[in-house]
Every structure is written in C-alpha cells, then in structure tokens.
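Each chain is listed here by its residues.
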Amino acid sequence: VTIKTAQTIDGKIADEKLNSKWISSLRSRRLVHTMRASYDAVLVGSNTVKYDDPELTVRLSKGRNPYRIVIDGKLSSPLNRKVFSDRNTNKTILVTSALADRQKLRILKRRKIKIITCGNHKGIINIKEALKKLSELGIISIIVEGGGKTYSEFIKKGLTDEFMIFIALRIMGKGIEAFTHP
C-alpha cells in the first residue's frame, strides 16, 4: 500500500471550499499516471469522489488502467461521478457497509461495479478486512490517492508500506490537511 498525496508546503490538499484539483505540476501528474499503471488498484475515499470527481485512470502516460476502489461506508457519493458512470465501471470496486442505500447498490450492480461489504453498524469500514477481501480478488498492490481521512485511517491502522508525497511550492493557509491527527 502506497499513499500518494499532492500537497502545499503547509500540508494542505484542498482549500476551505474543498477545491483541490492540480495542486501538483503536470510533470508530477504524468509520473502518477505512470505509477498507476504499475499498481493493481488506485483507492480513494468518498469525499474525493464527491468533490474531485476523479477518473482514476491512466491518461497522461501509457499503460493499463488499474482497478478503481472507492471506500464509502454509507454510499453517500453521487452515482453520476465518473468512477460510477464512465466506460470503465467494470474496473470499479465499491467498499461499503450494510448501511449503504439499497437502491444505489442495485444501480451500481447493473453497471457491473463490484461491491464489497465490510463495515460496522455505524458504516465505518474495516480497512484491514477490506484489504483482505481485495487480495482475494487478486489485488495486492494499491496506491491510495485521497483524501486526508482515508490517508489517516491507513496510517492509524499501520497499513501503509510507502509514501509518495508531492509538495507544491505554495502556501494555502486555511484548508484541508493531508493528514489528520489521531
């Protein structure tokens, strides 16, 4: 598991309004796309899906698209986001809990999205159990690309092998921290 983040020198991954696109340079983004092609999957949390609407594909370099994993315990993400509605939905995996909206789950299954359930009664995902279930699908290398809560959960549980931190030479001031304190 590799955590990859792009942040400002003051540790922010988004501004107060949750705008975060393109903190790093085009050169950094190309490198990340090359990296994605070498991992089995790229993983993000629900806030990254909601606010960034990422594709999580390889576009700025050559290589295969990894699986796209979304951690969303209550399935609060809008279904019109790219990971749930583009032509690559067969490479999308949703990790959720029993609290997920049943109607949304039916729609996602029709779109050929794989659903993994491993959350508690509050909708909190057991990351360790999720990684075990993903490994059973043959996914053994994952790059975690956001956001701050997701990064921090992996770190808190001791499930991170490597960090790749891209630092933009600018100060954001108020905004979203890359890593939250326990």
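Rules used in this analysis
Residues numbered from 1 in each chain as written. Predicted model: local features only at pLDDT ≥ 70, side-chain atom pairs only at ≥ 80, totals over all residues. Heavy atoms only, no water. Helix = DSSP H or I, 4+ residues; strand = E, 2+ residues; numbered from the N terminus. Buried < 20%, exposed > 50% of the residue type's maximum accessible area, 1.4 Å probe, protein only. Contact = heavy atoms within 4.5 Å. Arc of directions from axis to C-beta. Polar contact = N/O pair within 3.5 Å; in protein donor to acceptor, adjacent residues only side chain to side chain. Patch = residues over 30% accessible without salt bridge, like charges linked within 9 Å, V, L, I, M, F, W, Y side chains within 5 Å. Areas by Shrake-Rupley, 256 points an atom, 1.4 Å probe, with all protein chains shown as cover. Salt bridge = Lys/Arg side-chain N within 4 Å of Asp/Glu carboxyl O. Lys, Arg positive; Asp, Glu negative; His and termini not counted. Charge placed at Lys NZ, Arg CZ, Asp CG, Glu CD. Pairing = 2+ DSSP bridges. Axes fitted to C-alpha atoms, helices over the stretch in contact; angles between N-to-C directions. Phe/Tyr/Trp six-rings, centres within 6.5 Å; stacked < 30°, edge-to-face > 60°.

S.K.: What's the story with the side chain of Ser24 in this structure? I'm lost.
M.R.: Counting through the fold element by element, Ser24 comes out in the loop between β2 (12–15) and α1 (26–38). Judged by relative accessible area, which is 18%, Ser24 ranks as buried. For Ser24, the residues in contact, after removing those within four places along its chain, are Ala6, Arg29 and Phe166.

S.K.: Can you help me understand helix α5 (residues 127–136) in this one?
M.R.: An α-helix turns once every 3.6 residues. As a result, residues three or four positions apart point the same way. Taken as a whole, α5 has its buried residues at Ile127, Ala130, Leu131 and Leu134. Buried residues of α5, seen end-on, are gathered within an arc of 100° and therefore sit on one face of the element. Projecting away from the buried face of α5 at angles above 90 degrees are the exposed residues Lys128, Lys132 and Glu136. A side-chain oxygen of the first residue of α5 lies 3.1 Å from the backbone nitrogen of Lys128; this N-cap is Asn126. The positive-phi residue at the C-terminal boundary of α5 is Gly138, with phi of around 90°.

S.K.: Just checking my understanding: could you explain a positive patch on the surface for this structure?
M.R.: A contiguous patch of positive charge, built from Arg102, Arg106, Lys109, Arg110 and Arg111, is present on the exposed surface. With respect to the secondary-structure elements, Arg102 resides in helix α4 (residues 102–110).

S.K.: Just checking my understanding: could you explain the sheet that holds strand β6 (residues 114–117) for this structure?
M.R.: One key point about sheets: their strands pair by backbone hydrogen bonds, in either a parallel or an antiparallel sense. Pairing is parallel across the open sheet formed by seven strands, whose spatial order is β6-β5-β4-β3-β7-β1-β8. Each having just a single partner strand, β6 and β8 (162–168) make up the two edges of the open sheet. Between one strand and the next, the sheet's axes are offset by a mean angle of 20°, whatever the strand orientation. Sheet topology note: the strand β1 (residues 2–8)/strand β7 (residues 142–144) ladder contains two bridges and is parallel. Residue pairing in the sheet places Thr2 in a bridge with Ile143 of β7. Packed onto the sheet, α5 meets β4 (67–71), β5 (92–96), β6 and β7 and runs at close to 140° relative to β6.

S.K.: Would you explain the packing of aromatic side chains in this entry?
M.R.: What the rule picks out here adds up to two aromatic pairs. A ring pair is formed by Tyr151 and Phe179, whose centres lie 5.6 Å apart and whose planes are at 45°; its orientation type is tilted. Taken together, the positions of Tyr151 in helix α6 (residues 148–156) and Phe179 in the segment after β9 (175–177) put the pair 28 residues apart, joining distant regions of the chain. Using a relative accessible area of 3% as the deciding quantity, one classes Tyr151 as buried.

S.K.: So what exactly am I meant to see when it comes to the pattern of salt bridges here?
M.R.: Oppositely charged side chains can pair when the atoms bearing their charge come close. In this structure the tally under the stated criterion is ten salt bridges. Here Lys133 and Glu129 are joined by a salt bridge, their closest N and O atoms 3.5 Å apart. Of this pair, Lys133 and Glu129 are both found in helix α5, four residues apart, which corresponds to roughly one turn of the helix. Judged by relative accessible area, Lys133 falls into the partly exposed class, the value being 27%. Judged by its relative accessible area of 32%, Glu129 is partly exposed. The salt bridge partner of Lys132 is Glu136, with a shortest N-O separation of 3.2 Å. Within this pair, Lys132 and its partner Glu136 are both found in helix α5, separated by four residues, close to a single helical turn. Considered together, Lys132 and Glu136 belong to a single accessibility category, that of exposed residues. Salt bridges linked by common partners bring Asp10, Lys12 and Glu177 together as one network.

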